[in-house]
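Working through the structure, step by step
Here are the chains, one letter per residue:
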Amino acid sequence: MVPAAEICLAAGKQGIYFIFLINRKMEEQVMKEYSKWKSGKRFLTAAVTLSLLGSLGLYHDVRADFLEDMEKKYPDAIQLTNGITGEKDKDDIYVNRKILKDNGENYLFTTDAIINTANGIKIGDLSHPVNIDASGQTLIFNAERNNKKLELHAIEIESLQGTTITAKKIFINAGNTKSRAEGIRVGGQNGTNKDTPYKLTINGDTDIRAHGANYGLGMYLCGNAETTVNGNVTMNTHDEKNPWAVYVENDGGFSYYGGSAIYAGNNYTLQMGPKLTVNGLVDLKVNANGVFANGGHSDIYFKGGNIEINKDNTKGYYALLAECATTTMNMERDENKVPVRAGNSKVTIKGNVGASAGAINVNEPEPYTRVNLGLATPDSSWTGVAYNAFKDEGNDAGGKKFFGEINLWLQNGASWTNEAWGEPPDAYYGEDFSESHLKRLVGGESADKAGHIFQKHGEDEDSEGINIRVDDYKGFTNVYYGHKDEKPTDILGGTFTVTKAQPGSGITLITDSKGLNVDSSKAADKNLVSETLNALANKLFYTAYKNGETNLASKVEIAEGLTSSSLSKRMEDVTFKESNGQGQYLYTPA
């Protein structure tokens, strides 16, 4: 870092940055570098200045890359160095630019704008609502701070009167290399507003990057707060060299709690959690949790989109997670917010889904933890496990019972690959991971609208893979298993257990034809095919059958390959053992 006595950055008119150098030799170096940047008549903007200094090894700031990129994309954007407060006497820069013409109620942007300060918007408990209108324009918030004692919130809302931000596109860069960083914050642990929520409405697509020393959070909502985003939410750099839009510096933070793209948490004084609704799609690629609702009836709802978690993370991050709260993706809900059917958005998830017990305590008001996920288009897919850390009978805390559930709608050719995406985390106050456990699995309405589940072997072909257990099953599903080529009767992958089923339900277990001669008339070949079908049927358990329930029908199938489009070569009916409900294919040896 160059001493302050030698370099000074100052803001001039029109938001242009100039550089003043006391050392003449240094000035000559910078001017040489500047000539490489010069393209037409252009002043030294903040990003160019910092980049020039960086090329000389004199200065490095992660803001430079973001600023430079934004300035290239939006060359006519005005640059501002003060945030918006909703108070006229604090917002002179907006008054002078005729963006603010009243006492702080309405801000009107008629051009793109870059707001380069640690608090781009900071709205406190005002007596009036605040409306920030940049319709048709782009708002860019660049917030960086390297201060161990100060947290950073690029946009911070603690207004009971409500704040509305409207823009064609909103970009947020929030970074703090020495403390906590949040792209958007609504509410907090200090809130005392039990009767009236803090409110934020965003009309427009929002793109966020966030990284902090111990916490890195794209969106952070806490306590009695309500946020609605009428647009898409993106946290994806689309940069192979720097792939993660949200992360914690130096892999820090406490377990999986330190980093989340979207987080909604309990205010432990009020014992209330926020509500977030995203009326659009998400695109999250993060070294953090994707979406995490944590305590106090917190509720996160969004339509669909893409979530990818760093598979090599060391914290046990989840794609979707809830603790004494509800996280819902791509589901239609009734007036009581109960999911009734899957939505029609495309969903792609690379990450584990969790109902965790980490929030249970005697003061926690929400006894139920729920994650609801809808996969209902042919191009929708999920790779990961369903980790329910609760006991079937519930977990006890101070004499109170707490329950967890993961509910999946898998229909119309959508697929789920049941294998761990990285290492599942250790459970806090819950059960260690042992199986993928679904409270409800709703398949397709008919066999031709079935969803697809791909069971995988473990670390090698000699390990079983991960079992699946479903408490309440409905509809139609295809479950695919591989087998050893040299021994087709060794079916690869965990078991599939249905505790009870709704009337008219069906499951087809499918393996491929490698190592099998389905068309042969030889007795040995015929028997091997039959033995393989029986071994495949043995992977299914229908628990309620031993108590007389007969709502589930099942078939086993040998197909050309292990894809949903593979042609069938042999299909047979499955029966269930009365003793334990295990599937079997009964045949007469050739």
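Residues numbered from 1 in each chain as written. Predicted model: local features only at pLDDT ≥ 70, side-chain atom pairs only at ≥ 80, totals over all residues. Heavy atoms only, no water.

1. Concerning the overall build of the chain
Secondary structure summary: the chain contains five helices and 43 strands in total. Taken across its 590 residues, the chain has 57% of its residues classed as buried. In the chain, 77% of the contacts between residues at least 6 apart in sequence involve partners at least 24 apart. Within the structure as shown, the chain displays about 25,300 Å² of accessible surface, and the carbon and sulfur contribution to it stands at 46%. (Helix = DSSP H or I, 4+ residues; strand = E, 2+ residues; numbered from the N terminus. Buried < 20%, exposed > 50% of the residue type's maximum accessible area, 1.4 Å probe, protein only. Contact = heavy atoms within 4.5 Å. Areas by Shrake-Rupley, 256 points an atom, 1.4 Å probe, with all protein chains shown as cover.)

2. Description of unusual backbone geometry
With a phi close to 55°, His238 is a non-glycine residue in the positive phi region. With respect to the helices, strands and loops of the structure, His238 is situated in the loop between β14 (233-235) and β15 (246-248). Within the chain, Cys324 stands out as a residue other than glycine whose phi angle is a positive 50°. Structurally, Cys324 can be placed in the loop between β20 (320-323) and β21 (326-329). The class of Cys324 is buried, set by a relative accessible area of 0%.

3. Focus on the environment of Asp283
Turning to its location among the elements, Asp283 is positioned in strand β17 (residues 275-286). Once the C-alpha coordinates of Asp283 and Thr234 are considered, the two residues, 49 residues apart in sequence, prove to be 4.6 Å apart. Setting aside chain neighbours within four positions, we find Asp283 in contact with Val233, Thr234, Met235, Asn236, His238 and Asn306.

4. Let's talk about the nonpolar core
Core analysis: the largest hydrophobic core is formed by 124 residues, its most contacted members being Phe109, Met219, Met235, Ile262, Ile307, Leu320 and Phe496. Ranked by residues supplied to this core, first place goes to strand β7 (residues 130-145) with six residues. Beyond its immediate sequence surroundings of up to four residues, Ile307 is in contact with Val282, Leu284, Gly290, Val291, Phe302, Ala319, Leu320, Met329, Thr348, Ile349 and Lys350. (Core = buried A, V, L, I, M, F, W, Y, C linked by side-chain atoms within 4.5 Å.)

5. Some thoughts on the side chain of Thr511
Mapped onto the elements, Thr511 comes out in strand β38 (residues 505-512). Residue classification places Thr511 among the buried positions, given a relative accessible area of 0%. Of the polar contacts made by the side chain of Thr511, one reaches the backbone oxygen of Tyr481; its length is 2.8 Å. (Polar contact = N/O pair within 3.5 Å; in protein donor to acceptor, adjacent residues only side chain to side chain.)

6. Remarks on the pattern of salt bridges
All chains considered together, the criterion is met by 19 salt bridges. With a shortest N-O distance of 3.5 Å, Lys90 and Glu87 are connected by a salt bridge. Glu87 sits in the partly exposed class, given a relative accessible area of 26%. Across the salt bridge formed by Arg185 and Glu182, the nearest N and O atoms sit 2.7 Å from each other. When sorted by exposure, Arg185 lands in the same class as Glu182, which is buried. (Salt bridge = Lys/Arg side-chain N within 4 Å of Asp/Glu carboxyl O.)

7. Overview of the pairing of strand β26 (residues 368-375)
When you tally the buried positions in β26, you get six out of eight residues, the bulk of the element. For β21 and β26, the ladder comprises four bridges, and the chain directions are parallel. Along β26, the bridge assignment pairs Met329 with Leu373. Judged from the eight bridges that link them, β26 and strand β30 (residues 400-410) form a sheet pairing that is parallel. Within β30, the residue paired with Val371 across the bridge is Ile406. (Pairing = 2+ DSSP bridges.)

8. Quick word on the packing of aromatic side chains
Each aromatic ring pair is specified by the distance between its two centres and by the angle formed by the two planes. Tallying each qualifying case throughout the model produces 18 aromatic pairs. Both rings, one in Tyr220 and one in Tyr263, keep their centres 5.6 Å apart while their planes meet at 5°; by these two values the pair is stacked. Of this pair, Tyr220 sits in strand β12 (residues 216-222) while Tyr263 sits in strand β16 (residues 259-265), and the two are 43 residues apart along the sequence. Here Tyr220 matches Tyr263 in class, with each residue buried. Measuring from ring centre to ring centre gives 5.2 Å for Tyr387 and Phe433, while their planes differ by 75°; the resulting arrangement is edge-to-face. Of this pair, Tyr387 sits in strand β28 (residues 386-388) while Phe433 is found in the loop between β31 (415-418) and β32 (436-442), placing the two residues 46 residues apart along the sequence. For Phe433, a relative accessible area of 24% translates into the label partly exposed. Connected via pairs of aromatic rings, a cluster forms that spans Tyr220, Phe254, Tyr256, Tyr257, Tyr263, Phe292 and Tyr318. (Phe/Tyr/Trp six-rings, centres within 6.5 Å; stacked < 30°, edge-to-face > 60°.)

9. Some thoughts on helix α5 (residues 523-537)
The end-to-end C-alpha distance of α5, which contains 15 residues, comes to 21 Å, matching closely the 21 Å that a straight helix rising 1.5 Å per residue would cover. For α5, the complete set of buried residues consists of Asn527, Val529, Ser530, Thr532, Leu533, Ala535, Leu536 and Ala537. (Expected span 1.5 Å × (residues − 1).)

10. Here's the deal with the pairing of β20
Of the two faces of β20, the one carrying Leu320 and Ala322 and the one carrying Leu321 and Glu323 are both buried. Where strand β18 (residues 289-294) and β20 come together, four bridges link them in parallel fashion. When the sheet's bridge partners are listed, Ala293 is paired in β20 with Ala322. Pairing geometry for β20 and strand β25 (residues 353-355), over three bridges, is parallel. Its bridge partner being in β25, Ala322 is matched across the sheet by Ala355.

11. Regarding the sheet that holds strand β6 (residues 121-123)
Here we have nine strands laid out as an open sheet, ordered β6-β8-β10-β12-β16-β18-β20-β25-β28, and parallel in their pairing. Every other strand in the sheet has two partners, leaving β6 and β28 as the edge strands with one partner each. Averaged over all neighbouring strand pairs, the angle between strand axes comes to 15°, with direction disregarded. (Axes fitted to C-alpha atoms, helices over the stretch in contact; angles between N-to-C directions.)

12. Points about the environment of Phe402
In this fold, Phe402 is placed in strand β30. The buried category is assigned to Phe402, whose relative accessible area is 0%. Spatially, the C-alpha atom of Phe402 lies 8.0 Å from that of Cys324, the residues being 78 residues apart in sequence. Setting aside its immediate chain neighbours within four residues, Phe402 contacts Cys324, Ile360, Asn361, Glu364, Glu366, Pro367, Phe390, Gly394, Asn395 and Ala397.

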